[in-house]
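# A structural walkthrough
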Amino acid sequence: MTQTASALAAAQVATTATGATNLLWLTILIPLVSAGLLLILGRCADKWGHALGVLAPLASCVIGLAALFQVLGQPQGQRTYDLKLFGWITGSDFALNAGLRVDQLSLTFVALVTFVGTLIHIYSVGYMKHDPDRRRFFAYLNLFVAAMLLLVLADSYLLMFVGWEGVGLASYLLIGFWNDKTPNAVAAKKAFISNRIGDVGMLVALMLMFWGFGTVSFSGVFKAAGTASTGLLTGIGIMLLLAACGKSAQFPLQSWLGDAMAGPTPVSALIHAATMVTAGVYLVVRSGPIYSGAPNARLIVVIVGAITLLYGAIVGSAKDDMKKALAASTMSQIGYMMLAAGLGTVGAAFAIMHLVTHGFFKAGLFLGAGSVMHQMKEQTDMRRFGALWKVMAITWVTMGMGWLAIMGIPPFSGFWSKDKIIDAAFIVQDGQTWRAWLFGLVALIGAGITAFYMSRLFFMMFHGSNRWDDDMDPHESSPWMTFPMIVLALGSVALGWVLSWTHFPEWLAPVTGSVSDHEPVMPSWAITVLTLVVVLIGIAIAALKYLKQKVPRLAPPGNWLTRAARQDLYQDSFNDTVLVRPGQALVTATRVVDTDVVDGAVRGVAWLSVGAGRALRLLQNGFVRSYAALMAAGVIILLAIVLATRV
Amino acid sequence: MTPYIVLSAILFAIGATTVLVRRNSIVVFMGIELMLNAANLSFVAFAKLNAAIEGQLAAFFVMVVAAAEVVVGLAIIVSVFRSRRSVSVDDENLMRH
C-alpha cells in the first residue's frame, strides 16, 4: 500500500503552468468579482444583474475548457501543473504558498462545475424571472462557483478549506434565499450547523497534518504520507471522512440535505446535487495517498457509503415531495461514490466518473422538477401531478433521459459508471471475501431500490391519471429553462459512453492510482446481468404500484417501513433527542451560570457597596459636634492601642 | 512636674468637653483655644523637664497658628452669622446627607 502512495506522489511531480492553465486563477476571480459587484451595486444592477451573473461562469467555463484541452494535448506524465499565486503564510518554521494544483482531477471538476454551473445560471434567468431579488440570487450563485473552483483547484488543504467554507456559506445563503419563510431559514441554519460539525473534522485533520508532517500542502502531505505511521494516517483519514460526511450529506450527518430543498430549485440542482455535495468525494479521492496507508479508515469510508446508499434509497422510496425524493436519491448516489472512493485504486476513478455523470443527470432531473414546479404553482407533492407528459413534452423527455441514466440502463450514462462501481464493490480486498460479498450485494440491492424510487417518481409525475389541483394550467416552460435541460439530457444519454470511450479512468490514473486488474468474486458479465435484472424488477414493481393502480391523492398510511422512511428513518427525532435537546440544555445551563453566577457575583459586589454606602451615609448628619465626638473617640481608641502595645 | 501635666490634662478635658457639648460656635472656638493652650502648657513643661529648647519652640509655633486660626475662624463665624442669623453649630448643616 505504501508503494502505491509513493508511486502516486512520484507521478504528481508538477511543472510550471503555461498557456490557458496559467489563467485558471481567473476562473475563480471572475465569478468572485461578479458576485461582489452584484452585491455592492445593489438595486442599480437589478436590470442587467442576471446578464453579468451568467457571463461570469461562462467566462470561467471557457477558460476552464481551454485549460482542459491544453492539458489533454500534453503527453501523459506532464499533465500536472503548479500555479503559484502568492506567499500566503510566511513564518520561520512554516511557510505556505497559495497556489493552484492543476491536474486531471481538478480539471475534471473545473469542467463539470463551470459547464453545469453555466447551464444552471442560464436556467435561473428563466426560473427566477419574476423574483424581485433575482440579482441577489445570481450574486450568491457566482459566489458559489468561485468558492467551488477554489475548493477543487487549491494546492493545499488549508486553501481548500477556504473554498470549503465558501461553498458552505453560499449553500447557506441560497437555501435560505426566501428567508422570509421560517422553515427556509431553519433549513438553512440546519445545513450550516451540520456542515460545521464536519468542519471540526477538517480542522482536526489539518492540525494532525501540521503536527505529524509540518505541512498542509498536497505535495508535502502526500510525500510524508508514504512513510507516516498507520495510526496517524487512520486518524487523519477518519477526520477527513467526518468533513466529507458533513459536506456530502453522508451518514450520520445527512439529515440537512432533505431540508435544503427549501432553496430555489436551480440551487438544489447545482449545489445540492451536482457539485457542492460531491466535494466530500473529491476530498476522499484527493486524499488517496493518505487513505492508501490507512486500510481501516478506508473500510470506514466504504461502510459509511454503503449505509448512506441504502438509507437514501429507502427514504427516497417513501417521499411524496418530488424534491425531497430527489434529494434522498442524491444522498444515495453520493453513497455509491463514497463507497467507490473508499475502495481505493480499484474504485476511486469510477467514483469520479459517477460523480461527473451524476452531475449531469441529477442536475437535469432537478431542472426538470423545477420546470414542473414552475407550472404547478410551486406544488411539489407528486400525488397532485400525473399525466403531465402530454402538456410538458420537453420536460418529460429530458427527465426521462435522466431517469434512464440514474437507473443505469445501458447505454445511458449512469450504466457506465454505476456498473463499474458495483463491479468494484465485489472485488476482494485485504483477503476479506465476506466484505466483497457484503458491499457488492448492498450496491446491487441499492441499484434495485434506485430503479424503484426513480420509476415511482417518474410515473407519479408524468403518467397515470390527472390528479392536479383545480386551478392548474401547466404548459411547457420557456426556452431559457428548456435549453439547459436539453443539454443536460444529452449528457445523460451520451456522457457515460463518451467517458468510457475516451478512457476517462485511465486519464485520472495519475491522481487516483491505476485501475489494477482485480477479479470480482463473480464474473463481471454476471454482475452486469444481475444488476440489470434487479433494476428491471425495481421498475416492474414501481409500474405495478404506480402505473397499473390508481395513485391516491392523499398518502395512504402505509406500513411501518414507509412511515419510518417518510420521517427520514427517524434521523431528525434521533438528532433532536440525542444532540439538539442536550445541546440546548447545555446552552440554557451556561446561560443560567452566566446570568446567575458570573453576573450574580458582579451584581452582588455592587449591591454590597450600595448597601454599605447607604448605611454609612447616615453618619453624615450635619452636626459638627457629632463629627468632633467621632474624631475624639478615634483619637482615644488610637491612643489606647498605642499605649496598650507599648506596655 | 505632675501638677503641670495634671493642669494641662484638666484644661484639655474642659476644652474638649466644651467643643463637644456647646452649640454656640464662639464658645466652641474658645474650647479649641483652651485645648491648644493645654497642649502648649505640656510642651513648655516637658521642655523644662528635659532642658531642651524644642518644646518651647513648638509652643511658639502653636501660638502663631492659633493666632492665624482665630482670625480665619472668627471671620467664618461672622460671615455665617451674617448669612444665617445664627451662631449655633447645629444650624450649619448644609453638607448633611
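Residues numbered from 1 in each chain as written. Chains lettered and ligands numbered in written order. Predicted model: local features only at pLDDT ≥ 70, side-chain atom pairs only at ≥ 80, totals over all residues. Heavy atoms only, no water.

This part covers the pattern of salt bridges. All names here are of chain A. Going through the model one piece at a time under the given rule, you end up with 18 salt bridges over all chains. The closest approach of N and O atoms between Asp103 and Arg286, which form a salt bridge, is 2.8 Å. Residue Asp103 is located in the loop between β3 (95-102) and α4 (104-127), and its partner Arg286 is located in helix α12 (residues 279-286); the two are separated by 183 residues in the primary sequence. The exposure class of Arg286 is buried, given its relative accessible area of 2%. Asp469 is the salt-bridge partner of Arg384, the closest N and O atoms lying 3.5 Å from each other. With Arg384 in the loop between α16 (348-375) and α17 (393-407) and Asp469 in the loop between α19 (433-462) and α20 (479-501), this residue pair connects regions lying 85 residues apart in the sequence. Among the charged side chains, a salt-bridge network with shared partners connects Arg43, Asp46, Asp133, Arg135 and Arg136. (Salt bridge = Lys/Arg side-chain N within 4 Å of Asp/Glu carboxyl O. Helix = DSSP H or I, 4+ residues; strand = E, 2+ residues; numbered from the N terminus. Buried < 20%, exposed > 50% of the residue type's maximum accessible area, 1.4 Å probe, protein only.)

Turning next to the nonpolar core. What tends to happen in soluble globular proteins is that the nonpolar side chains get buried as a cluster. Ranked by internal contacts, the top residues of the largest apolar core, which has 196 residues, are Tyr157(A), Leu240(A) and Ile290(A). Apart from residues lying up to four places away in sequence, Tyr157(A) is in contact with Met202(A), Leu206(A), Met209(A), Val216(A), Phe218(A), Val221(A), Phe222(A), Leu240(A), Leu283(A), Ser287(A) and Ile290(A). Membership of the second largest hydrophobic core comes to five residues, among which are Ala628(A), Val19(B), Val28(B) and Val89(B). (Core = buried A, V, L, I, M, F, W, Y, C linked by side-chain atoms within 4.5 Å. Contact = heavy atoms within 4.5 Å.)

Let's shift gears to the interface of chain A and chain B. Counting from both sides, the interface comprises ten residues of chain A and, opposite them, eleven residues of chain B. Here chain A meets chain B over a buried area of about 930 Å², counting both sides, of which 58% is carbon and sulfur. Inspection of the chain A/chain B interface yields one salt bridge. Residue Asp90(B) is joined to Arg625(A) by a salt bridge in which the shortest nitrogen-to-oxygen separation is 2.7 Å. (Buried area = accessible area lost by both parts, 1.4 Å probe.)

As a further point, take helix α18 (residues 413-425) of chain A. Residue and element names in this part refer to chain A. Compared with the 18 Å implied by 1.5 Å per residue over 13 residues, the 19 Å span of α18 between its first and last C-alpha is a close match. With eleven of 13 residues buried, α18 is to be regarded as a mostly interior element. For α18, every residue scored as buried is listed here: Ser413, Gly414, Phe415, Ser417, Lys418, Asp419, Ile421, Ile422, Asp423, Ala424 and Ala425. Structurally, α18 contributes buried residues whose contacts are with α15 (322-342), α16, α17, α19, α20 and α22 (524-548). (Expected span 1.5 Å × (residues − 1).)

With respect to the secondary-structure elements, Ile486(A) resides in helix α20. For Ile486(A), a relative accessible area of 37% corresponds to the partly exposed category.

Our next topic: the packing of aromatic side chains. Residues and elements named next belong to chain A. Inspection of every chain in the model, using the stated rule, returns 21 aromatic pairs over all chains. Centre to centre, the rings of Tyr123 and Tyr127 are 5.7 Å apart; their planes meet at 20°, and the pair counts as stacked. With Tyr123 and Tyr127 both in helix α4 and four residues apart, the pair spans about one turn of that helix. Classification of Tyr123 by relative accessible area gives buried; the value is 0%. Given a relative accessible area of 5%, Tyr127 falls into the buried group. Aromatic pair Trp497 and Trp501: ring centres 5.8 Å apart, planes at 10°, arrangement stacked. With a gap of four residues between them, Trp497 and Trp501 both fall in helix α20, about one helical turn apart. Take Trp497: its relative accessible area is 44%, and that puts it in the partly exposed class. The exposure class of Trp501 is exposed, given its relative accessible area of 60%. Positioned over the ring face of Phe192 is Arg196, at 4.1 Å from the centre of the ring. (Phe/Tyr/Trp six-rings, centres within 6.5 Å; stacked < 30°, edge-to-face > 60°. Lys NZ or Arg CZ within 6 Å of the ring centre and 35° of its normal.)

Remember, this is a structural readout, not a statement about activity or role.
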